[in-house]
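Chain and residue survey
These are the residues of each chain, in order.
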Amino acid sequence: METKISEIADGIYRLSTYVLDIAPPAGFTFNQFLVLGDEPLMFHTGLRKMFALNREAVSRIIPPERLRWIAYGHFEADECGAMNEWLAVAPNAQAAHGQTGCMVSLNDFADRMPRVLADGETIDLGGKRVRFIDTPHTPHGWDAGVLYEETTGTLMCGDLFTQLGDGPALTSGDVVGPAIAGEDLFNYSGLNPGMGVTIRRLAALAPRTLALMHGPSFAGDGAAALNALADDYDRRLRASFGDAGLGAAQAVAA
Ligand SMILES: [Fe+2]
Ligand SMILES: [Fe+2]
């Protein structure tokens, strides 16, 4: 396996490792994002067993010990499995995650105490600025959240838009159709009535780049892609609850 590096927005690097054995023959990518600044941030630690690969990839961009922040979408091995390995190599690094995630997992799991981020709270990285946004249970995980880099308009989406294959690092093509196919195959989302509301809230940011954890990054109309994804989750929920049931459940979730 190798880890490829691409700059997908100004000062934001995608570290991509392709695994053929997951969902062959298409295979599957695991992508980490390194956001440069006075206080560099990594979004997703990568799997613990891929730490050596990711560490070597980061070292081609900055000395890994310079990392200041380690953030991720939700508590799972590919999102944060290598957390303590990064904390060990970067003595000034601190994990940063939402209130739920710190309370439920990170306060115990991380070798140093994390920074707790409220919904909408920002971290000034010096040259870049990231905002944590709670997306509970979307696409899965009670502690789920995404990170929005304000200066480049880049939304680090975590598992949203998960797709198969080893596409280009950056595309302006369709990312919604492949995400629908990915959902059909994996059933990875915890379908809940708040999904559409939560994803449309992200669309309101009008991101210019969507950084996918499992798939290419997307440059273009991020709002349109997010709204289309929200529509598809509404369609799935409507199939389960019916129109009236979905409407009532969304009213509660909003
Ligand atoms: Fe996940
Ligand atoms: Fe993931």
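The coordinates are above.
All of the points below concern the structure found in this document. Quantities reported herein were computed from a predicted structural model and do not represent experimental measurements.

Before going further, it helps to spend a moment on the sheet that holds strand E9 (residues 129-134). Strand order in the open sheet formed by 7 strands is E8-E9-E10-E11-E13-E14-E12, and the pairing between neighbours is mixed. The open sheet has two edge strands, strand E8 (122-124) and strand E12 (170-171), and neither has a second partner. Against the sheet, helix H7 (residues 222-253) contacts strand E11 (154-158), strand E13 (209-212) and strand E14 (217-219), and its axis sits at roughly 55° relative to E13.

The next point concerns the coordination of the iron ion (ligand 2). With distances of 2.1 to 2.6 Å, the protein atoms coordinating the iron ion (ligand 2) are Asp78 (OD), Glu79 (OE), Asp159 (OD), Met213 (SD) and His214 (NE2). Along the chain, the residues that donate to the iron ion (ligand 2) are spaced as D-E-x79-D-x53-M-H. A separation of 3.8 Å is found between the iron ion (ligand 2) and the iron ion (ligand 1), which share aspartate 159 as a coordinating residue. Here aspartate 159 is found in the loop between E11 and E12, whereas its partner methionine 213 is found in the loop between E13 and E14, with 54 residues between them in sequence. On the accessibility criterion, aspartate 159 (5% relative accessible area) is buried. For methionine 213, a relative accessible area of 0% translates into the label buried.

Our next topic: helix H4 (residues 99-109). Side chains of residues three or four places apart in an α-helix project in the same direction, reflecting 3.6 residues per turn. Of the positions making up H4, those classed as buried are Gly101, Cys102, Ser105 and Leu106. Buried residues in H4, looked at end-on, bunch into an arc of 140°, giving them a common side. Looking at H4, the residues exposed on the side facing more than 90 degrees away from the buried face are Met103 and Asp108. Those residues of H4 that are buried are in contact with helix H3 (83-89), strand E6 (94-98) and strand E7 (115-117).

What counts as what
Residues numbered from 1 in each chain as written. Chains lettered and ligands numbered in written order. Predicted model: local features only at pLDDT ≥ 70, side-chain atom pairs only at ≥ 80, totals over all residues. Heavy atoms only, no water. Pairing = 2+ DSSP bridges. Helix = DSSP H or I, 4+ residues; strand = E, 2+ residues; numbered from the N terminus. Contact = heavy atoms within 4.5 Å. Axes fitted to C-alpha atoms, helices over the stretch in contact; angles between N-to-C directions. Donors = N, O, S within 2.8 Å, 3.2 Å for Na, K, Ca; no water. Buried < 20%, exposed > 50% of the residue type's maximum accessible area, 1.4 Å probe, protein only. Arc of directions from axis to C-beta.

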